[in-house]
Amino acid sequence: MAYTSSSLHLHKHLLLPKTTRHTNPSSSFVPVAAKINGVNGHSSKKAPNGKVQINGDGKKGVSGKGGAVNGSGSGRKAAAQHINGNDRIHLSVSTGGAGGQDGFGLRVAFQGAPGAYSEFAAKTALPGCDTVPCRAFADALAAVDGGAVDRAILPVESTMEGTALRNYDLLLRHDLVVVQEINLFVHYCLLAMPGVRAAEVRRVISHPMALAHCGRALARLGVDREPVEDTAGAVEMLRSNRMLDTAAIASPRAADLYGLDVLAHGLQDESWNVTRFLLLSKPPSPVTLPMDADAKTSMVVAHRGGSMMVVLKVLSAFSSRNINLTKLEVINNNDGGGGGGGAAAGHPVMILDTSARGAPTLRAFPHVLYVDCEGASHDPRVLDAIKEIERFAVFVRVLGCYAADSNVYDLQ
Ligand SMILES: O=C(O)C(=O)Cc1ccccc1
């Protein structure tokens, strides 16, 4: 196999929620996204009343009361079914912002149209921030790299699919630092134009990750699948083209925002479906961690390959110092052919080397490890572990040090 990736994924036990704070979901999702024009394509209109108005009719704002999909007063609620049985997990999670970070005055680029999961993750991580919709993840990263926005948010792994290698590839090509992590419970709904019945749906469109996460449910429904840029963009497309034979997979919030019917809830094949997002900024990191904070450090290690010995040595560098790892992804690209592993299949991983004097250079590495460890990057034990790894690795780049947040936040 040319390009392989194996990993120790974050799973349920690592994502147990800590907080029990509940807030009004609609209040945690303020309509500031509408104030900003999209960086590359997506934009949203602002209604005269200051609420978001998507595609014209202005019936539903972001905080629109009448369309609560899972709340009271929704006519759509009764019709929606749970595709995968008892999929509504009731998590004790916060919808009100992670780690006490205040996002007022910060512009955060995300991939997708307003109502995308990434936007919700940004709003949860940095309550009060202004979100900036972008056509592609690459545009969101370019926006923060170029100084057009303060942060970008990127989904990097999910409990169902592991590491989003494409997004890691993007991250590594930029001189950006990880400043925050956020875990979001992703609840998928099947949405259609008002009045459309499930039996009339021939095709389902959504972000590729959403289609993959709902594979079994879609097979059961016997519909065609078509990937589009993002979940909310799919909903926007349905709405603006008045598609009557097509449904979209997106969040209940997107249904509310764009005024679509929810045909089914809990479409995901696994009831535990959590996506981990990273917030990225230009260096130096604007975040100062309190000394006693639970911190995490993310890094990428490039090595010569040849055997799995290097993995054992990396593990030993941490374990001998009693440092816990929360992620280890092993990437090997041996012969340049095809093979599994996502966007970079058949290609070495391109990493921007910012350590050398002079301009940062993009370097190609066939053998790479993505490592997250507990502890701050300035913790002497972590520093020592990195020093030890540097003795046998070709290159180590610390991607960021940030507050560990094991909460799982929920849209509901
Ligand atoms: O398409 C979206 O809404 C996104 O934000 C990307 C995404 C898709 C599925 C799960 C998590 C993030």
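Going by an unreviewed UniProt entry, the protein carries the name Prephenate dehydratase domain-containing protein and comes from Oryza punctata. Here the protein is described in UniProt, under the heading Pathway (unreviewed entry), as follows: "Amino-acid biosynthesis."

Trainee: Looking at this structure, how should I read the overall build of the protein?
Mentor: Along its length, the protein carries nine helices and 22 strands. A burial count over the protein gives 50% of its 412 residues as buried. Looking at the protein alone, contacts between residues at least 24 apart form 78% of all its contacts between residues at least 6 apart.

Trainee: How should I be thinking about the nonpolar core in this particular structure?
Mentor: For soluble globular proteins, nonpolar side chains are generally found buried alongside one another. Grouped together as the largest cluster of nonpolar side chains are 105 residues, with contacts concentrated most on A152, L191 and L280. The leading source of residues in this core is strand 9 (residues 177–185), at six residues. Once you skip the residues sitting within four places of it in the chain, A152 turns out to touch V108, A109, A140, L141, A143, V144 and L280.

Trainee: What exactly am I supposed to notice about unusual backbone geometry here?
Mentor: Across the chain, the bulk of peptide bonds are trans and the bulk of non-glycine residues have phi less than zero. Omega for the peptide link from P283 to P284 comes to -5°, which places this bond in the cis form. Backbone geometry places R242, a non-glycine residue, at a positive phi of 45°. Taking the number of C-beta atoms within 10 Å as the measure of exposure, R242 has 7 and is therefore exposed. Despite not being glycine, N322 has its phi angle at roughly 60°, a positive value. Along the chain, N322 falls in the loop between helix 8 (309–319) and strand 17 (325–333). On the basis of neighbour count, N322 is assigned to the exposed category, with 9 C-beta atoms found within 10 Å.

Trainee: It is not clear to me how the environment of P194 should be interpreted in this structure. Could you clarify?
Mentor: If you trace the backbone, P194 turns up in the loop between strand 10 (189–192) and strand 11 (203–206). Given 11 C-beta atoms within a 10 Å radius, P194 is considered exposed. Spatially, the C-alpha atom of P194 lies 32 Å from that of F277, the residues being 83 residues apart in sequence. Setting aside anything within four residues of it in sequence, one finds P194 in contact with L260 and D261.

Trainee: Help me out: how do you make sense of the site of the ligand in this one?
Mentor: Around the ligand sit 13 residues, and of these A116, S118, H207, D230 and T231 come closest. Mapped by element, the contributors of at least two residues to the shell around the ligand are helix 1 (117–125), helix 4 (208–213) and helix 6 (231–240). Here the residues of the shell around the ligand sort into seven nonpolar, five polar and one charged.

So, how was this worked out
Every chain is numbered independently, its residues counted from 1 as its sequence is written. At least 70 in pLDDT is required for a residue's local features to be given in this predicted model, at least 80 for side-chain atom pairs to be given and counted, and no such filter applies to totals for whole chains, interfaces and linings, which use all residues. UniProt positions are given in the numbering used here, feature names are shortened, and annotations may be inferred rather than shown by experiment. Strands here are runs of E lasting at least two residues and helices are runs of H or I lasting at least four, both read from the DSSP assignment and numbered beginning at the N terminus. Each residue is classified by how many other C-beta atoms fall within 10 Å of its C-beta atom, where C-beta atoms are placed from the backbone; a count of 20 or more means buried, 12 or fewer means exposed, and values in between mean partly exposed. In this description, any two residues whose backbone-derived C-beta atoms lie within 7 Å of each other are considered to be in contact. A set of buried residues drawn from Ala, Val, Leu, Ile, Met, Phe, Trp, Tyr and Cys, joined through C-beta atoms within 7 Å, is what defines a nonpolar core. For each residue, a C-beta atom is positioned from the backbone; the residue is called near a molecule or strand if that atom sits within 6 Å of it. The residue classification treats Ala, Val, Leu, Ile, Met, Phe, Trp, Tyr, Cys and Pro as nonpolar and Asp, Glu, Lys and Arg as charged. All others, Gly included, are polar.

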